[in-house]
Structure formats: structure tokens, C-alpha cells
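If you want the building blocks of each chain, they are given just below.
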Amino acid sequence: MNRLRVKLNADLGQFKKGAIIELVVDENGMPMQRFWYRRFKDAKIDNCIEVIEEEKNTGGTIKKSKKNKED
């Protein structure tokens, strides 16, 4: 099963505004649970939830620059 993280922009039942929730979704990215499926449909109108895009690591390393370098 695939998983998707969403942020709530409104209070939804027991879930409060600002909460980040991980949902189980099908291969098309739609939630398996009826409640969240309907919230996805509602979000097109009222923006009650937003999908959080995960940053993908390209396999490279991140190097920190040294600001206090003396020549």
C-alpha cells in the first residue's frame, strides 16, 4: 500500500487544523477510507486539506559551506 501525507487546513472531526496525517492510498493516489476520499473531493472546493510533497533525495551529499573562512 502506498502512503500519502496531508496537512489539514480546517478542523475535521477529531482532527485539528494544522495536523499532519499519513493516509493509505491506492495506486491512483486516492485514499482507501471513505471519509478521507470525500475530504479529497471537498478539498477541490474548500481547500480543507493539502498534500505534502516529500523531498526526494537524489543520492548526492549535502555539503555545508564555511562562512568564517579566513584566507
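Details of the structure are given in the entry above.
Residues numbered from 1 in each chain as written. Predicted model: local features only at pLDDT ≥ 70, side-chain atom pairs only at ≥ 80, totals over all residues. Heavy atoms only, no water.

Chemist: Before we go on, may I ask you to explain the overall build of the protein chain in this structure?
Modeler: Helices and strands together make up the secondary structure of the protein chain, namely one helix and three strands. Starting at the N terminus and ending at the C terminus, the protein chain contains elements arranged as β-β-α-β. Across the 71 residues in the protein chain, those meeting the buried criterion constitute 20%. Taking contacts inside the protein chain between residues at least 6 apart in sequence as the whole, the part at least 24 apart equals 35%. Only carbon and sulfur atoms are counted for the fraction: they give 45% of the accessible area of the protein chain, which is about 6500 Å². (Helix = DSSP H or I, 4+ residues; strand = E, 2+ residues; numbered from the N terminus. Buried < 20%, exposed > 50% of the residue type's maximum accessible area, 1.4 Å probe, protein only. Contact = heavy atoms within 4.5 Å. Areas by Shrake-Rupley, 256 points an atom, 1.4 Å probe, with all protein chains shown as cover.)

Chemist: Just to check I follow, could you spell out the sheet that holds strand β2 (residues 20-25) for this structure?
Modeler: Sheet strands line up and pair through hydrogen bonds in the backbone, either parallel or antiparallel. Read from one edge to the other, the open sheet built from three strands follows the order β2-β1-β3, with strand pairing classed as antiparallel. Each of the sheet's edge strands pairs with one partner strand only, and the pair in question is β2 and β3 (49-51). Neighbouring strand axes in the sheet, compared pairwise and without regard to direction, differ in orientation by 40° on average. Against the sheet, helix α1 (residues 34-46) contacts β1 (2-8), β2 and β3, and its axis sits at roughly 95° relative to β3. (Pairing = 2+ DSSP bridges. Axes fitted to C-alpha atoms, helices over the stretch in contact; angles between N-to-C directions.)

Chemist: For this particular structure, what's the right way to read the packing of aromatic side chains?
Modeler: Remark: the centre distance and the inter-plane angle together describe each pair of aromatic rings, the angle taken between the planes. Summed over the entire model, instances satisfying the criterion amount to two aromatic pairs. In this structure an aromatic cluster arises from ring pairing among F15, F35 and W36. The aromatic ring of F35 is capped on one face by R39, whose charged end is 4.7 Å from the ring centroid. (Phe/Tyr/Trp six-rings, centres within 6.5 Å; stacked < 30°, edge-to-face > 60°. Lys NZ or Arg CZ within 6 Å of the ring centre and 35° of its normal.)

Chemist: Sorry if this is basic, but what is going on with the environment of N47 here?
Modeler: Structurally, the position occupied by N47 is in the loop between α1 and β3. Leaving out residues up to four positions away in the same chain, N47 has contacts with N9 and D42.

Chemist: Is there a simple way to think about α1 in this case?
Modeler: Compared with the 18 Å implied by 1.5 Å per residue over 13 residues, the 18 Å span of α1 between its first and last C-alpha is a close match. Along α1, the positions that sit buried rather than exposed are W36, R39, F40 and A43. Contact partners of the buried residues in α1: β1, β2 and β3. Immediately beyond the C-terminal end of α1, within one or two residues, lies N47, with a positive phi of roughly 55°. (Expected span 1.5 Å × (residues − 1).)

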